Amino acid sequence: MYRCLYEKLINWKNQFNSKPLIVDGAKSVGKTWLIREFGSNEYDKLVYVDLSIESDRSSVICFSFNVPDIISNLEAYLKLKIDPDKTLIVFDNIQCVPDFVSVLSCFNLIVPNYHVIGISSVCFCDLIIDNPFGASELESLTLFPLSFKEFLISLNKQELVNSISENNLASLTLFKDELIDLLKYYYFVGGMPEAVLSFCSEQDLQKVRLIQNNILDSYKCSFDNDINDSTYRLKRVWDSIPSQLSKEKKKFLYGLIADGGRAREYESSLLSLKKYGYIHKISRVTTGQHPLHSFEDNKAFKLFLNDIGLLSAMFDLSPDIVKVKNNIFNIFNNALTEQFVVQQLVIEPELSLFYYTNDSGTCEVDFLVDNGHSVIPLEAEAVPNLRSKSMKIYSERFVPDITVRTSLSDYKREQFFVNIPLYCIENLTKEIKNKSDYLSDWEHFFVF
């Protein structure tokens, strides 16, 4: 299974004196498989230790967090000699051992010639909160569910991937119907590796749904292990997300969790869900000015799941819906389409994602994308609203360089407006990274 993160792992390996790397991501996104595949392919030896298994944990650590001792224990436990230049050392489930992230930091300080990866189901920023070294001695990468591009590659649709990557408008027009059909399947299947592999091999959506429900059950079981919050509150927040997203205005309302629900009751639950990568929190901003994070309204936000397939399962969508022309794109007030856009854009760490409403509530823009240089308003609707009042109000007030809509319509380029087909939304991340040649890039990109 192709994962784009593999290329970043290669870059990490080839760096001079690579720092220890932490790969985080939610359960079931394929972290362990990817790192073991990388270690087996790119190194002569792979040393793998699962810190969630007591025998591995006690044999390696032996109550000592001294790095030379850990290396010696590894060699004795596994009966091999570790060659720093030819061996990848992997510690899985590092969140199971308090302060182990400090040990990884010490690898860089004491034995920087070793290649070490830690795998965590807890987000990197939460993992290093109590690390005395902070993040300075570590690197991090996040693995998400498969993107639509990775989904297409898994289905051996390389020609379609090439057309999207090369922005080949003639090919995209030719393959439009096929791309829309495949996008419908992605809305249902999503990007969890086990679900994708099952779909690729058997094309059985009922089996896909069983896998998704098992993943959802495993997520709920993990709530029981969170000692910082009430399992009851976590489940109430989690179960409310589909109804929150099916509203026309998708701002998260505590009152939908329970009658009289208040922020103080459920804030810690939101933090826990975010900590384990189960949700994406998209905050409101009150301006279109860069940098957006300076204007973030922490009291108003939208919550999305980490995977569109899991959201489809929570909506209990029938497999028959993918057989009906474009129905899956329009249901639940565009909930799945907004989920899709979030899932494709959060992959890029250089991009920050927010949404905008004015104080009077007369204008709401689905997303604002901050690329570190400028702010791009983005409207996400499968069936485009050609008279978007909100985008007009926003543009008159903030005069953005360009406004973007993503829909099922073909590419369309006007002076300050671009329509990007939903199945090509990943291309947005390529086009807005460098402000210096930003407009010229767009002009080149949309030559007909």
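Procedures and definitions
- Residues numbered from 1 in each chain as written.
- Predicted model: local features only at pLDDT ≥ 70, side-chain atom pairs only at ≥ 80, totals over all residues.
- Heavy atoms only, no water.
- Pairing = 2+ DSSP bridges.
- Helix = DSSP H or I, 4+ residues; strand = E, 2+ residues; numbered from the N terminus.
- Contact = heavy atoms within 4.5 Å.
- Axes fitted to C-alpha atoms, helices over the stretch in contact; angles between N-to-C directions.
- Buried < 20%, exposed > 50% of the residue type's maximum accessible area, 1.4 Å probe, protein only.
- Salt bridge = Lys/Arg side-chain N within 4 Å of Asp/Glu carboxyl O.
- Disulfide = S-S within 2.5 Å.
- Parallel < 35°, antiparallel > 145°, perpendicular 65-115°, else oblique.
- Arc of directions from axis to C-beta.
- Phe/Tyr/Trp six-rings, centres within 6.5 Å; stacked < 30°, edge-to-face > 60°.
- Lys NZ or Arg CZ within 6 Å of the ring centre and 35° of its normal.
- Left-handed = near helix turned anticlockwise from the far one by under 90°.
- Nonpolar A, V, L, I, M, F, W, Y, C, P; charged D, E, K, R; others polar.

Before going further, it helps to spend a moment on the sheet that holds strand β9 (residues 364-370). Taken together, the 8 strands give an open sheet; going across it, the order is β7-β6-β8-β9-β10-β11-β13-β12, and neighbouring strands pair in mixed fashion. Strands at the two margins of the open sheet, each flanked by one partner only, are β7 (296-305) and β12 (412-413). Note: β12 against strand β13 (residues 417-421), 2 bridges, orientation antiparallel. Pairing of K412 across the sheet is with N419, part of β13. The strands touched by helix α13 (residues 231-245) are β6 (279-285) and β7; relative to β7, the strand with the most contacts, the crossing angle is about 95°. Its contacts with the sheet place helix α16 (residues 327-345) against β6, β7, β8 (352-357), β9, β10 (375-380) and β11 (403-407), and it is angled at close to 145° to β10.

Tracing the chain through its elements places S198 in helix α11 (residues 193-202). Residue classification places S198 among the buried residues on the basis of a relative accessible area of 10%. Here the alpha-carbon distance between S198 and I211, two residues 13 residues apart in the chain, equals 8.6 Å.

Let us look at the pattern of salt bridges. Enumeration according to the criterion identifies 15 salt bridges in this entry. Here E202 makes a salt bridge to K207, at a shortest N to O gap of 2.6 Å.

This part covers the state of the cysteines. Put plainly, two cysteines are in a disulfide when a covalent bond ties their sulfur atoms together. If you walk through the whole model with that rule in mind, you get 0 disulfides. Looking at C96, it has no disulfide partner, and the nearest cysteine sulfur is the one in C123, 15 Å off. For C96, a relative accessible area of 37% gives the class partly exposed. Considering cysteine sulfurs only, C4 is the nearest to C424, which forms no disulfide, with 15 Å between them.

Following both chains from N to C, one finds helix α10 (residues 176-189) and α16 inclined at 85°, their axes separated by 11 Å at the closest point. Considered as vectors, α10 and α16 are oriented roughly perpendicular to each other. Residues I180, L183, K184, Y186, Y187 and F188 of α10 touch α16, and the partners they reach there are I328, F329, L336, T337, F340, Q343 and Q344.

Counting along an α-helix, one turn takes 3.6 residues, and residues three or four places apart therefore face a common direction. Every buried residue of helix α8 (residues 158-165) is listed here: L160, V161, S163 and I164. Projected down its long axis, α8 carries its buried residues within an arc of 160°, all on one side. Of the surrounding elements, those touching the buried residues of α8 are α7 (148-154), α9 (169-174) and α10. One or two residues past the end of α8 sits N167, with phi positive at roughly 55°.

As a further point, take the packing of aromatic side chains. The full count for this structure, using the stated rule, is 27 aromatic pairs. A ring pair is formed by F91 and F107, whose centres lie 6.2 Å apart and whose planes are at 55°; its orientation type is tilted. Of this pair, F91 sits in strand β3 (residues 87-92) while F107 is found in helix α5 (residues 100-110), placing the two residues 16 residues apart along the sequence. Three or more aromatic residues link up through ring pairs in this structure, and these residues are F148, F151, Y185, Y186, Y187, F199, F329 and F340. A cation sits over an aromatic face here: R36 above Y48, 4.1 Å from the ring centre. The ring of Y355 carries K302 above its face, with NZ or CZ at 4.7 Å from the centroid.

A few words on the packing of helix α1 (residues 5-14) against helix α2 (residues 31-42). Where α1 contacts α2, the two axes come as close as 11 Å, and the packing angle between them is 50°. As far as their axial angle goes, α2 and α1 are oblique. Crossing handedness for the pair α1 and α2: right-handed. Contact with α1, carried on its side by L5, Y6, L9, I10, W12 and K13, involves L34, I35, E37, F38, N41 and E42 of α2 and no other residues of that element. Residues that form the contact of α1 with α2 fall into these classes: 8 nonpolar, 1 polar and 3 charged.

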